Amino acid sequence: MAHRQAQGGRNDVEKARRRFAEELRYTARIRSPSVVAAFATVPREDFLGPGPWRVLSPMNLAEYWTTEDAEPHHLYHDILVAIDPVRRLNNGQPSLWAHLYDQLELEQGAHIVHVGAGTGYYSAILAEIVGCNGKVTAIEIDPELAATAQRNLALAWPQAVVVASDGFSYRPDHPADAIIVNAGVTHPSLVWIDALAAENGRLLVPLTTADGVGGFLLITRLGGETRHYPARFVHWTGIIPCTGGRDPEAEARLRAALARSHFAAIRSLRRAPEDPDDTCWLAGEGWWLSTAPIAAGAEPTG
């Protein structure tokens, strides 16, 4: 009898997980079947410790509330779940990350660098998307979180490797098809740009002001380029700060840029020795964001 009840409980959670993934298909407008399948597969409860859980609704991100019990089905909604409520550190909103991963058009066998892995849930989602022949390098600067992510990912995702390191300066041992940054920066790291695969390497990075609010940019490397990269705004966000990726002067320049125009004006990222011109939206040391697109058919300069 107890075995049948336990089996029934597992089946109920699996059904809730599949419904959750199917709902994300619509709320996040997911086109990729592999993204939907990943959210339908990875047990979120395995990454968040025992319940009841402290959660945030997208309708009110200021105040946590507590689930009524420790039943895992509570986690299969479009909510943020606290990892450490004191630090406002959460397992992020599923519809946002589902939408962002869908925008990346990730393929089986790809190498993904995930900066800010937390306890590993979204690294596991990425590992499902790229499959057993792919690789996820999950970077987490907090050693306790990194150890937790390592234990969690060891359950079923050998293609995911956790590195306890400063993600802002981390250089992978081979080029990344995509680098996904799960914390807000005031400026992109040129180490990330240099680590992108020569053809269709993509960097998804949130530029944020001091209040944690900002936008995700998608920066792409094509044709082995080393100076000119298409870039575009993907989505607004509110997100924790990236250790090592924040600078007060850079934050002031970002605020000034946003006062002039929206992230949507950005069309490209350009690098030294090319100097900023009148299309410059925001500049930093050795790089600048431009409102001008990369010319079609331009020859690689790398």
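Cut-offs and rules
- As a convention, each chain's residues are numbered from 1 in the sequence order in which they are written.
- Side-chain atom pairs in this predicted model are given and counted only at pLDDT of 80 or more, local residue features only at pLDDT of at least 70, and totals for whole chains, interfaces and linings cover all residues.
- Heavy atoms throughout the structure, all of them, feed into the side-chain values; hydrogens and water do not.
- By definition, a salt bridge exists where a carboxyl oxygen of Asp or Glu is found within 4 Å of a side-chain nitrogen of Lys or Arg.
- Comment: elements are numbered from the N terminus, with helices defined as DSSP H or I runs of at least four residues and strands as E runs of at least two.
- Buried, partly exposed and exposed residues are distinguished by accessible area as a fraction of the type maximum, computed with a 1.4 Å probe on protein chains only: under 20%, between the cut-offs, and over 50%, respectively.
- Nonpolar cores are built from buried Ala, Val, Leu, Ile, Met, Phe, Trp, Tyr and Cys residues. Side-chain atoms within 4.5 Å join them into one set.
- Two residues qualify as a contact provided that any one of their heavy atoms is within 4.5 Å of a heavy atom in the partner residue.
- Lines fitted to the C-alpha atoms define the axes, with helices restricted to the stretch that makes contact. Angles between their N-to-C directions range from 0 to 180 degrees.
- These descriptions rest on fixed angle ranges, namely under 35 degrees for roughly parallel, over 145 for roughly antiparallel, 65 to 115 for roughly perpendicular, and the rest for oblique.
- Each helix crossing is assigned a hand: it is left-handed if the near helix lies turned anticlockwise from the far helix by less than a right angle, otherwise right-handed if that turn is clockwise.
- As a working rule, the residues Ala, Val, Leu, Ile, Met, Phe, Trp, Tyr, Cys and Pro are called nonpolar, Asp, Glu, Lys and Arg charged, and the rest polar, with Gly in that last group.
- At least two DSSP bridges between two strands are needed for those strands to be called paired.
- Clockwise travel from the first strand over the helix to the second, with the strands pointing away from the viewer, marks a crossover as right-handed.

A. Region of the structure containing the pattern of salt bridges. Scanning all chains against the criterion turns up 10 salt bridges. We note a salt bridge from R25 to E22, for which the minimum N-O separation is 2.9 Å. One end of the pair is R25 and the other is E22, both in helix α1 (residues 2-27) and 3 residues apart, which spans about a single turn. K135 is the partner of D173 in a salt bridge, and the nearest nitrogen-oxygen pair spans 3.8 Å. Placement of the pair is D173 in the loop between β7 (160-164) and β8 (178-181) and K135 in strand β6 (residues 135-140), with a sequence separation of 38 residues. The class for K135 is partly exposed, based on a relative accessible area of 25%. Among the ionic contacts, a cluster of salt bridges with common partners joins R31, D102 and E105.

B. A look at the nonpolar core. Core analysis: the largest hydrophobic core is formed by 47 residues, its most contacted members being F39, W97, Y101, I112 and I125. No other element matches helix α4 (residues 121-130), which puts 8 residues into this core. Residues contacting I112, with those up to four places away along its chain left out, are L106, L126, V130, K135, V136, T137, A178 and I180. Counting residues in each nonpolar core, the second largest holds 32 residues, with F168, A176, C242 and W287 among its members.

C. Just the packing of helix α2 (residues 33-41) against α4, in detail. Look at α2 against α4: their axes get within 9 Å of each other, and the N-to-C directions meet at 130°. Judged by the inter-axis angle, α2 sits oblique to α4. Like other packed secondary-structure pairs, α2 and α4 cross with a definite hand, here right-handed. Across the interface between the two elements, S34, V35, A38, F39 and T41 of α2 pack against Y121, Y122, I125, E128 and I129 of α4. For the contact of α2 with α4, the per-class residue count stands at 7 nonpolar, 2 polar and 1 charged.

D. Focus on the sheet that holds strand β3 (residues 80-84). With respect to topology, 4 strands assemble into an open sheet ordered β2-β1-β3-β4, the strand pairing being antiparallel. Each end of this open sheet is capped by a strand with a single partner; those strands are β2 (60-66) and β4 (89-91). Across this sheet, the average inter-strand angle for adjacent strands is 40°, counted without regard to direction. Across 2 bridges, the pairing between strand β1 (residues 54-57) and β3 is antiparallel. From the neighbouring strand, V55 faces β3, where its bridge partner is V81.

E. Summary view of the pairing of β6. With respect to burial, β6 is a largely interior element, 5 of its 6 residues being buried. Sheet topology places strand β5 (residues 111-115) next to β6; 5 bridges connect them, and they run parallel. Across the sheet, V113 pairs through a bridge with T137, a residue of β6. Note that the unit made of β5, α4 and β6 has a crossover that is right-handed.

F. Structural detail: α4. Across the 10 residues of α4, 9 count as buried, placing the element largely inside the fold. Turning to α4, its buried residues number three or more, namely Y121, Y122, S123, A124, I125, L126, A127, I129 and V130. The first or second residue beyond α4 is G131, which carries a positive phi of 80°.

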